[in-house]
Amino acid sequence: ENQELHFYLKAEDSNGISTVKECKFLIDNEKPSITAPEGEVYLPKDNLFKAFEGTFTDNVSKISQVYYSENKDSASSEWKAVTSLITSQNKWILNYTADENDSQKTFYFKAVDNAGNYSVSENPLKIIIDKDIPSITDLKITSGGKDFVFENDTVYVKSGFTISGKIIETNFKELKCS
């Protein structure tokens, strides 16, 4: 249970001169809450920067910091502070630049309040460095029962045609024909 306690300390010297100091203690047993990005995010090898953001709440002692780490259960020294903490908006921001030698990073996020209570995001954020450039190979156009190998920019056909080939890409999204 959360409690607010007040103590008064009185210091007095041998001549009867004294001073009183009020001490206020807030006992906070509630964990803060945190929302964080999760799932997979691909960063192209030519743009390794991305800003991530989330929110937090703590109604008792307020948030002191939000951290991120590659290990959900890591020691406190392995947690690094996020870039910005905007307490007036209950928002945090992590400006992250990946190392071009990395292939993947996994992050968890932790909100810590002023009493030391904390919550860790349940699901990880996976940042994947996309070092592959999609390639199209074995491109072939079929028209009128004939196959044409596409070796230059132009293939001439009389009417209807079919295009076939192979796409090589580790995280293929779509093929557009325009």
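Everything numeric in this text was worked out from a predicted model, so none of it was measured.

Estimated volume of the largest pocket: approximately 240 Å³. Surrounding the largest pocket, 12 residues form its lining, Ile136, Leu139, Ile163, Ile167 and Leu175 being those nearest its centre. Those elements that provide at least two residues to the lining of the largest pocket are strand 13 (135-143) and strand 15 (162-168). Among the elements that make up the lining of the largest pocket, the one with the highest residue count is strand 15 (five residues). Among the residues forming the lining of the largest pocket, the class breakdown is eight nonpolar, two polar and two charged. Estimated volume of the second largest pocket: approximately 170 Å³. Residues that form the lining of the second largest pocket fall into these classes: five nonpolar, one polar and three charged.

Once that is clear, we can look at the nonpolar core. Val66, Trp92, Leu94, Tyr96, Phe109 and Ile127 are the most contacted members of the largest nonpolar core, which has 20 residues in total. For this core, the secondary-structure elements that each account for two or more residues are strand 4 (39-44), strand 5 (49-57), strand 6 (63-69), strand 9 (91-97), strand 10 (104-113) and strand 12 (125-130). Ignoring sequence-local partners within four residues, the contact set of valine 66 consists of Ile34, Phe56, Lys80, Ala81, Val82, Leu85, Trp92, Lys110 and Ala111.

Before going further, it helps to examine the pairing of strand 10. Counting buried residues in strand 10 gives nine out of 10 residues, a clear majority hidden from the surface. Sheet topology places strand 6 next to strand 10; six bridges connect them, and they run antiparallel. Across the sheet, isoleucine 63 pairs through a bridge with aspartate 113, a residue of strand 10. Here strand 10 runs beside strand 12; their pairing, made up of four bridges, is antiparallel. By the bridge assignment for strand 12, phenylalanine 107 is matched with leucine 125. By the bridge criterion, three bridges tie strand 10 to strand 11 (residues 118-120) in an arrangement that is antiparallel.

By secondary structure assignment, the location of glutamate 169 is in the segment after strand 15. Lysine 45 is the oppositely charged side chain nearest to the buried, salt-bridge-free glutamate 169, at an N-O distance of 9.8 Å. Non-local contacts of glutamate 169, meaning those with residues more than four positions away in its chain, are made with Asp130, Asp132, Ile133 and Pro134.

Pairing is antiparallel across the open sheet formed by three strands, whose spatial order is 14-13-15. Bordering the open sheet on either side are strand 14 (146-149) and strand 15, each of which pairs with just one other strand. Strand-to-strand, the axes of this sheet are offset by a mean angle of 20°, without reference to chain direction. Both strand 13 and strand 14 contribute to a ladder of four bridges, which runs antiparallel. Following the sheet pairing, isoleucine 141 is matched in strand 14 by phenylalanine 148.

With respect to topology, four strands assemble into an open sheet ordered 3-5-9-8, the strand pairing being antiparallel. Of all the strands in the sheet, just strand 3 (33-35) and strand 8 (84-86) have a single pairing partner and so form its edges. Direction aside, the axes of adjacent strands within the sheet are offset by 20° on average. Note: strand 3 against strand 5, three bridges, orientation antiparallel.

This part is about the pattern of salt bridges. Enumeration according to the criterion identifies nine salt bridges in this entry. Measuring nitrogen to oxygen at the nearest pair gives 4.0 Å for the salt bridge that ties glutamate 4 to lysine 24. Pair noted here: glutamate 4 is in strand 1 (residues 3-12) and lysine 24 is in strand 2 (residues 18-27), with a separation of 20 residues, a long-range link. Between glutamate 53 and lysine 91 there is a salt bridge whose closest N-O contact spans 3.6 Å. Pair noted here: glutamate 53 is in strand 5 and lysine 91 is in strand 9, with a separation of 38 residues, a long-range link. Taking relative accessible area as the criterion, glutamate 53 reaches 47% and is therefore assigned partly exposed.

The rules behind each value
Residues numbered from 1 in each chain as written. Predicted model: local features only at pLDDT ≥ 70, side-chain atom pairs only at ≥ 80, totals over all residues. Heavy atoms only, no water. 1 Å grid on protein atoms, 1.4 Å probe; cavity = no way out; pocket = protein on both sides within 12 Å on 5 of 7 lines; lining within 4 Å. Points joined across faces, edges and corners; volume = space filled by probe spheres on them. Helix = DSSP H or I, 4+ residues; strand = E, 2+ residues; numbered from the N terminus. Nonpolar A, V, L, I, M, F, W, Y, C, P; charged D, E, K, R; others polar. Core = buried A, V, L, I, M, F, W, Y, C linked by side-chain atoms within 4.5 Å. Buried < 20%, exposed > 50% of the residue type's maximum accessible area, 1.4 Å probe, protein only. Contact = heavy atoms within 4.5 Å. Pairing = 2+ DSSP bridges. Lys, Arg positive; Asp, Glu negative; His and termini not counted. Salt bridge = Lys/Arg side-chain N within 4 Å of Asp/Glu carboxyl O. Axes fitted to C-alpha atoms, helices over the stretch in contact; angles between N-to-C directions.

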